[in-house]
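Chain and residue survey
For reference, the chains in residue letters:
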Amino acid sequence: MKKKAFIALVGWLFLLSCHDEESLMVSLGDNYINSQTNVALIDTIQVLLSTVKIDSVPTSESDYLLSGSYTDTDLGKISATGYAQIGMPSADIDDDEIFDSIVICMNYSGMAYGDTLLPQTIKVHRVREDIEPSDEYDEEPYLYNTTKFKYDETPLGSTTVVPKPNFHDTIAIRLNDELGLEFLSYLRDEDDELETLSEFLEYFQGVALVPGDENNSILSFDADSSFQIKVYTHIIEEVKKNLTYTFNYESTSQNHFNNVTNDVSGMPLEQLTTQKEAVSSNLLDKRAYLLGSLGYTTRIDFPGITQILEVEYKNILYNAELVLKPLAGTYKNQGELPEELLLYYTDKRNNVLSELTDDDGYSIPSVLYYDEFYNESTQYIFDITNFIYNELSDGYVDPEDGLLVMLPDTEYGGTLNNVVFDARTLSNYRPTLNLYYVFYE
Amino acid sequence: MNRFLTISILFLFLISPFCGKAQNTVSPYSIFGPGEIRNGGFGANLGMGGSGIALESTNSLNALNPASYAGMDSLKLIFEFGLQGKGYNISNSNQSISGFEANLAYFALGFKYTPWMAGSFGMMPFSTVGYSINRTNYIEGTNEQYISQYVGSGGITRFYFANAIKLLKKLSLGVNTSYLFGPLIQEEYITGSTMVPSMMIERKDFLRSFYFDFGLQYQFISGRTDYSLGLTYAPEQSLSSKHIVTAYDSDYSTIQAQQYKTEYLVIPQIFGAGIGVTRERMSLAFDYTFQQWSNVDYPIQAEEFADSHRFSAGFEVNPWERRAINPGYKNWTYRMGFSHESSYLKFGNTTLGSNALTLGAGIPLYGAISNMDISLTGGTYGSTSGHLTKEKYLILNIGFSLNEMAFLKRVID
């Protein structure tokens, strides 16, 4: 009996101790195994592009002041007038000082739109209203591209130059001597001396940089302390002494903004009058527009998106990307295309809702692939996985939910950065929604 | 009675590893179908190349045909268990590995209720799964490739309860009811790339299914020679299982999981026929088994299965008459067997085949009423053509048939 138990015990131990874990990794040949998992790219969901014009674009947060005008074949005649307040220096001006000249100085930001090879006129006008957000915008104290303030008809000064924003740092425009003398008199220690900034701003509300009629470009200037008015004087004591008083723009307290308008009369974009309507690319020669400061944005719709809910197999939709191509010929080089674009949720009234972000709330900027050699595969790729997930999360997809392509905040209100999206259906391109699925059984 | 209790305790002891994790077969072919199906024979049959559809269960249990139990000696309670050790070498055109595994091969108890009815129950592996296979896939709609690695494990365990009755003096019928259980697990690891996320899809089947098979045996005598014929049959049966598909991301958190009942695991119709010839101290057995796999489809297979055919022949001899005073080896039973199978797996033009040769001996224990059956089987399975693999193996099987005079002892107690 003991023997029997012994044998059984040995057998049992044998079973436990001898087990080889090593295994042979083989490939039986891909033809023999029917994969029960399929990773597939599905790009058949229709993508519709349309153009929306945001009613008003806040331009007072921008780092740039714009001035000029040019005519775009699609977007019409675009005109920009920059408005800025100017501060006051604290100065102790001698009664014997003699006024020489008054000049406004501006730094080129390096960006320009239109044709800068032709001469441009910039007229500096004195503003006659307080440059301030109106009370009705209390919640968002912005000045918009549609905001206007009265200014003197006669300019304080003007210049016509062939601008070289990439070669020259600054532009200086001589202003009317009367203003210089007035400034000096108000700074002198007399009864009517202006002592505080607010007193000064009541007296001199600011300047408007108004383009001339024959302009072919819009120039961009830094809205910072380099934007200033200088008053030059001299005093003759033992020797002649030159003096300069600088009236600075101070970004912390002063207001500035850009009034930007365009005239599309007689052009396809004339159809766009209010933000509530979107004009399909079919009515705009298969194009969709995006333009900073004027509020043109491209709306994306996926009318067939409910198909996603109708997929019968078990699936994991792990990536969704939107591919949009800028229309070849509407840009000359990579520099003319915005580096990054963002997407915002929108509803059927084209309201700009929240930004499409990743799970942690960070922006997901588009990626621009620039095809230097042929221009054919230049495209923006947007990761819209979270948009699709959000749409699917409640088991119901609203085909009226769409996306708006927007410029980043820094470019939205102070630049004329623009893209013309190609909405054609060609053999090798169409606006595409790429859905990456893992199907499995 | 004391012995019987000891055996029962050992029984439980032996069951426990069965219920644990199943063994690796390390055969890439076990990805197909319900895994690699184990042939059902016990010690004595294994020594004869797995033959014995026509043979009766006399001193040992013959699980190849449920009708065989009717031939048991009326006063015997037979307890069988077997241990198996397998050394193997698997190679394909560019690599090769060797290994060893060992496990409990089976255990069973046979008993006779009446002179015309007997039964048996027991446990054994039905199939085993163990593989690791790579497959290159394309993202549909692109030219991008990615690699899936399939890792399989698990196996089906069979608990059976068989009963046989003598319909006529020489004709017996057996019905075998099995309960199949156990997990079949496939983990598919998708290697991530810029376009595909790393993920793992786990497919598990927990089988809980009945399975039935039937047998007939008929004996007749011609001169000094006993002849027997056996038939076995199992209809095509769908095994029901709880299927759980879980998709995990690269951090091993669940993305999606589904669970439902399914019956996709199908065992095809199986037909077996055997002839046994016994004369004096010699026996011969010839078996043929046909499995109609061509009727069966599994989702993982890309090509049709082929019908499988298995031929085996076995020879058993007691060269000397049994006597208590003989030196041990003269009381041994010597066995030999051969089998050839053309399996249900067909890849292109290659149908996988196996060939095996067995030598064995039955060693009497305890005054000839119990036996230890040892057999050594060497064989090959598969082919190294193309991407296929070939397995060469050597199996040592040690089986015990312990015959207790249980009913008799009880009277003495």
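Let me begin by describing the structure that accompanies this report. None of these values were measured; they are calculated from a predicted model.

Each value, and the rule that gives it
Residues numbered from 1 in each chain as written. Chains lettered and ligands numbered in written order. Predicted model: local features only at pLDDT ≥ 70, side-chain atom pairs only at ≥ 80, totals over all residues. Heavy atoms only, no water. Helix = DSSP H or I, 4+ residues; strand = E, 2+ residues; numbered from the N terminus. Buried < 20%, exposed > 50% of the residue type's maximum accessible area, 1.4 Å probe, protein only. Contact = heavy atoms within 4.5 Å. Areas by Shrake-Rupley, 256 points an atom, 1.4 Å probe, with all protein chains shown as cover. Pairing = 2+ DSSP bridges. Polar contact = N/O pair within 3.5 Å; in protein donor to acceptor, adjacent residues only side chain to side chain. Axes fitted to C-alpha atoms, helices over the stretch in contact; angles between N-to-C directions.

1. Section: the overall build of chain B
When helices and strands are counted, chain B shows 3 helices and 17 strands. Within chain B, the proportion of its 413 residues that are buried is 54%. Put simply, 62% of the contacts in chain B that link residues at least 6 apart link residues at least 24 apart. In the form shown here, chain B has an accessible surface area of approximately 17600 Å², with 59% of it arising from carbon and sulfur atoms.

2. Quick look at unusual backbone geometry
Here A:Asn350, not a glycine, exhibits a phi torsion of approximately 65°, which is positive. Within the fold, A:Asn350 resides in the loop between β18 (342–346) and β19 (352–355). For A:Asn350, a relative accessible area of 1% corresponds to the buried category. If you check the backbone angles, B:Glu280 has positive phi at about 50° while not being a glycine. With respect to the helices and strands, B:Glu280 occurs in the loop between β11 (270–279) and β12 (282–291).

3. Here's the deal with helix α4 (residues 385–393) of chain A
Residue and element names in this part refer to chain A. For α4, the set of buried residues is Thr385, Asn386, Phe387, Ile388 and Glu391. Summarising the contacts, the buried residues of α4 are in contact with β17 (314–324), β18, β21 (379–383), β22 (402–406) and β24 (432–440). Taken from the residues just after α4, Gly395 is the one with a positive phi, measuring 70°.

4. Focus on the pairing of strand β6 (residues 120–126) of chain A
Residues and elements named next belong to chain A. Most of β6 is tucked away: 6 of the 7 residues are buried. Relative to strand β7 (residues 157–161), β6 runs antiparallel, the two sharing 5 bridges. Among the inter-strand pairings, Thr121 is bridged to a residue of β7, identified as Thr160. Bridge count between β6 and strand β9 (residues 207–211): 5 bridges; the pairing is antiparallel. By the bridge assignment for β9, Lys123 is matched with Val210.

5. Focus: the environment of B:Asn137
With respect to the helices and strands, B:Asn137 occurs in strand β4 (residues 117–138). Judged by relative accessible area, which is 4%, B:Asn137 ranks as buried. Remark: the alpha-carbon pair of B:Asn137 and B:Ile190, spanning 53 residues in sequence, is separated by 9.9 Å. The contacts of B:Asn137, once residues within four sequence positions are left out, are A:Ser35, B:Glu144, B:Gln145, B:Tyr146 and B:Ser148. A polar atom in the side chain of B:Asn137 sits 2.3 Å from the side chain of B:Arg135.

6. Here's the deal with the sheet that holds strand β1 (residues 37–42) of chain A
Whenever strands of a sheet pair, they do so through backbone hydrogen bonds, lying parallel or antiparallel. Residue and element names in this part refer to chain A. With antiparallel pairing, 5 strands are arranged side by side in an open sheet as β1-β24-β17-β21-β20. Two strands in the sheet have a free side with no partner beyond their single neighbour: β1 and β20 (367–369). On average, each strand axis in the sheet is inclined to that of its neighbour by 20°, with strand direction left out of account. Direction of pairing for β20 relative to β21: antiparallel, over a ladder of 3 bridges. Looking across to β21, one finds that Tyr369 is bridged to Gln379. Its contacts with the sheet put α4 on β17, β21 and β24, and the angle it makes with β17 is roughly 130°.

Interpretation note: all reported values are geometric properties and have no functional meaning in isolation.
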